[in-house]
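The lines below spell out each chain.
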Amino acid sequence: MSAAVSVESGVLDDYRARLRPGASDELVTPTGLRTDQAALGAAIDAMGMGGLQAARAEARTFASDEGVTYGTGQPGGRNWAVDPIPVLIGAAEWAGLEAGLAQRARLLDLVLADLYGERSLLRHRVIPPELVLAHDGYIRQTDGISAPGRRQLVIAATDLGRDSDGHWTVISDRTQAPSGPGYAMATRRIISRVMAGLHRSTPLARLRGFFQTFTAALQDASPSATEPPRVVLLTPGPNSETAFEQAYLATLLGFPLVEADDLVMHRGTVWLRAGDRLEQVDVLLRRVDAAFSDPLELRGDSQLGIPGLIEAARNRTVAVVNPVGAGVLENPGLAAHLAAAAEALLGEELALPMPVTWWCGRDADRSHVLANLESLVIKPISRTISPLRYGWQLSAQERAELADRITAEPWAWCGQERLQLSTAPVVTRAGLEPRRFVLRAFGVAHADGYRFLPGGLGRVAARVGEHTVSNYTGALAKDVWVISGESDQLTPTSRDRRIGAPAVRAGGLSPRVADNLYWMGRYAERAEGTARLLKVVDDFAEDNSGSTATPGALATDALLQTVAWVTATGSIRDGETPLSYLRRVVLDISRTGTVRHCANQVVNAAQHVRDLLSVDTWSVLGRLEQTLDETPDDDDQLQPLLADVLESLLALAGIMAQSMVRDESWAFLDVGCRMERAQLTLSVLGSAFAVPRERQVEDLVVEGVLRAGESIITHRRRSAAGTGPTLALESVIDLLLLDRLNPRSVIYQAQSLASDLTLLGDEASAAKALLLVNALDTLEVDRLLHASTLTARLSELEQDFRRLSDDLAARHFLRQAPRRPQTSDWASPWQVADD
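How each quantity is defined
- Residues numbered from 1 in each chain as written.
- Predicted model: local features only at pLDDT ≥ 70, side-chain atom pairs only at ≥ 80, totals over all residues.
- Heavy atoms only, no water.
- Helix = DSSP H or I, 4+ residues; strand = E, 2+ residues; numbered from the N terminus.
- Rg over C-alpha atoms; globule rule 2.2 N^0.38 Å.
- Buried < 20%, exposed > 50% of the residue type's maximum accessible area, 1.4 Å probe, protein only.
- Contact = heavy atoms within 4.5 Å.
- Areas by Shrake-Rupley, 256 points an atom, 1.4 Å probe, with all protein chains shown as cover.
- Lys, Arg positive; Asp, Glu negative; His and termini not counted.
- Charge placed at Lys NZ, Arg CZ, Asp CG, Glu CD.
- Phe/Tyr/Trp six-rings, centres within 6.5 Å; stacked < 30°, edge-to-face > 60°.
- Lys NZ or Arg CZ within 6 Å of the ring centre and 35° of its normal.
- Pairing = 2+ DSSP bridges.
- Salt bridge = Lys/Arg side-chain N within 4 Å of Asp/Glu carboxyl O.
- Expected span 1.5 Å × (residues − 1).
- Axes fitted to C-alpha atoms, helices over the stretch in contact; angles between N-to-C directions.

Right, let's get into the overall build of the protein. From N to C terminus, the protein includes 26 helices and 23 strands. In terms of overall size, the protein behaves like a compact globule, its C-alpha atoms giving a radius of gyration of 31 Å where 835 residues would be expected to give roughly 28 Å. Across its three principal axes, the protein shows a C-alpha extent of roughly 95 × 65 × 55 Å. Looking at the protein as a whole, 58% of its 835 residues qualify as buried. Taking the intrachain contacts of the protein between residues at least 6 apart in sequence as the baseline, contacts between residues at least 24 apart amount to 73%. On the protein, roughly 33,000 Å² of surface is accessible, and the fraction owed to carbon and sulfur atoms is 50%. Of the side chains in the protein, 84 bear a positive and 105 a negative charge, and the two mean positions are spaced by 3 Å.

Structure below.
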């Protein structure tokens, strides 16, 4: 235990009084502060509980604004929960811990190589064969496969906690597809703002260097001499519990985030579908669980993996990181044998202790476990068998049932001594609470050893007294600060032939990504255009609610019919007022065409391309969702709600227009926006002016349409100056259909489509867009003033745009056919071990 530093603080005194007797804590001792905690203690003292609770709320807001999420059950899962008080680790303490972690990573790497290679550990029973061969993480199909790099285990993650004496102790290892480094960086971003003064004044080891080393480590794993190697991050998709982290990690590393649909296997090699060409993949960073990674060799019902991936890894045409089968190292029963393995493979004793473990496959160990069930942590060797059980929390009947299971399948169980985890302070409404703390450390194989993320990801239990510290049970994240030492700044030392090389080669977008960008643009524009129209019509309905057969009332009816036509939501129901109908068209998420449905589709599409979007995008989308989720009372006016919706959608449009590089990603987004605006404008014009009306009524309808099309001011200025058309209908046709300078006109959209498609290299589609420009140029306004002629021509143009959209889908968005699933009793693919 570190020496104590005396401090007086009401907040800390109250906190110290809540500590469990004999327990260690990350911040305080029974008499003061732990070494290296003086600055943090002073900051807590200065903030007081009011300031700490404000920081807690601010951290929650930042996590929501940046779209940091975890879990499933809704798009993106729940917001990432972060406690504002960081955990500090001194430079000397971290150096010792890092050395122990590096030794453990080297050992696990050697164990992994042996288990899938010579198996000398099994032959000499250093590790019992039954323990390994019975584990579902041992993938027999990968036997004999050796990764081309220096190490088999490229990424190592270890969960640790302090025992009652203050010593770091290993709880478990995560080697399958470990999650968390992206969350650690996201948590640091949040806390660096919430605790800005303390963050700036504390000499911290920075995190960015680790990700640079991570990038170099993945490049070094490549079996190819290609400069630079093509690395991709394979994700299960946006329904994954850690979808945010996977996308954020991809941006930190500089590699594309891909799904199975983006990849093809051809002649034993993995290829990325990049536009109209294929690019060879050299390294695949795997975040898909092993069982789902290759439907040809493993689960035949998987849509998440790549058929033939294991054979490609065997032939060394691609490196899979971590290799399929690395999950066998997560077996908790190995803890009983790692000390012997360290002696056999390293000739060293383990630097980091583990809880004493008894594997029930050995008679003596099983007898001990069965005799002491009430005081042990009982773990299955695989998390798919059963959750871990705390013997002291079980009833006599539950212990008897568990004993029967252990007796029936002894090889599948182990017992561990109880570890009294240290606590860390958590800000709550009732004050600071001590909750159990777990640190997840992350290392990557690079050069001749392993480099570790300074600190890692801290987590505290969801409740006081909770023994399990897991994201599944609602754990809160803790930013872990390591006091900087002279050697903390990592400098990647990639192979000489790659120094200065970019992270990835330039390439096109996969059809899946292009499709989602296109529809994100379309739905964003549809939501904005519909909201503008509804805002105008709601204004008309409010002004004319008590009138019948007046020009205003008739214009309102015409505009309501236009809403029904454009949104395809149906007309006003019997007994429904215009205002309640408009409210339904705004808020009904279950009906296609409503504002809320369109906004939901924008978010869904964005989830699929998260790695291409800026952090600001998620703040805007979060605000949009929150606005529409806060359903107003029936008596509330729609104008404030629609104004807030438009504010968010305009902010999103601003991000697209001003913050995106003019590359293929932007082009597909803009193509979607332009296509939707053209079709929506044509639909509004075709419905609003489908029948002739009296001059007064028609002028009011024209005003409404021009307001919805953001062109009313130009119309009025031109009319006042005598430079515009005489008739109001002629003006709306000119402004919204044929004006090349109006960014809301249909011809402007056709021109923009041609430019965007040229940027994409699709000259054939660009030529079709130019044909639309020419067709619009040839229109004569005076011949369109008759309702039947106008409606027919607008319908033709709308069909032309739809055909162009279909052509784009066929050229750019063609997905692979779903693989035919095989019936099985496997669990859901989203319930993977990704905690």
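What follows picks up the thread again.
Attention now moves to the packing of aromatic side chains. Centre-to-centre distance and the angle between the planes together describe a pair of aromatic rings. All told, the structure shown has 14 aromatic pairs when counted by the stated rule. Aromatic pair Tyr116 and Tyr138: ring centres 4.9 Å apart, planes at 15°, arrangement stacked. Taken together, the residues Tyr116 in the loop between helix H3 (91-115) and helix H4 (120-123) and Tyr138 in the loop between helix H5 (129-133) and strand S6 (155-162) connect sequence positions 22 residues apart. Connected via pairs of aromatic rings, a cluster forms that spans Tyr70, Trp80, Tyr183, Phe244, Tyr248 and Tyr472. Positioned above the aromatic ring of Phe62 is the side chain of Arg193, whose terminal nitrogen or guanidinium carbon lies 4.0 Å from the ring centre. Geometry around Trp618 places Arg610 over its ring, the cationic atom sitting 4.0 Å from the centre.

Turning our attention to the pairing of strand S12 (residues 277-280). As judged from the 4 bridges shared by strand S11 (residues 269-274) and S12, these two strands associate in the antiparallel manner. For Leu272, the partnering residue across the bridge sits in S12 and is Glu279.

This next bit is on the pattern of salt bridges. Within the structure shown, the criterion is met by 50 salt bridges. One salt bridge connects Asp109 with Arg151, and the closest N-O pair in it is separated by 3.4 Å. Of this pair, Asp109 sits in helix H3 while Arg151 is found in the loop between H5 and S6, placing the two residues 42 residues apart along the sequence. Note on Asp109: relative accessible area 5%, which makes it buried. On the basis of relative accessible area, Arg151 is assigned to the buried category, the value being 16%. Taken together, the shared-partner salt bridges connect Glu525, Glu528, Arg532, Arg677, Glu710 and Arg744 into one network.

An α-helical segment advances 3.6 residues per turn. Residues three or four places apart therefore align on the same side. Relative to the 20 Å expected for 14 residues at 1.5 Å per residue, helix H21 (residues 695-708) spans 20 Å between its end C-alpha atoms, a close match to the ideal helical length. Along H21, the positions that sit buried rather than exposed are Val697, Glu698, Val701, Val702, Gly704, Val705, Leu706 and Ala708. On the buried face of H21, the contacting elements are helix H14 (511-543), helix H15 (551-567), helix H20 (664-688), helix H22 (712-721) and helix H23 (728-738). Glu710 sits one or two positions beyond H21 and adopts a positive phi of about 55°.

In this section: the sheet that holds strand S18 (residues 413-417). Read across the open sheet, the 4 strands follow the order S15-S18-S16-S17; overall the sheet is antiparallel. Unpaired on one side and paired on the other, strand S15 (357-359) and strand S17 (389-390) mark the two borders of the sheet. Where strand S16 (residues 376-380) lies against S17, 2 bridges are found, and the strand directions are antiparallel. Within S17, the residue paired with Ile378 across the bridge is Arg389. The strands touched by helix H12 (residues 363-371) within the sheet are S15, S16 and S18, with S15 carrying the most contacts at an inclination of about 115°. Lying over the sheet, helix H13 (residues 396-408) contacts S16, S17 and S18, oriented at roughly 125° with respect to S18.

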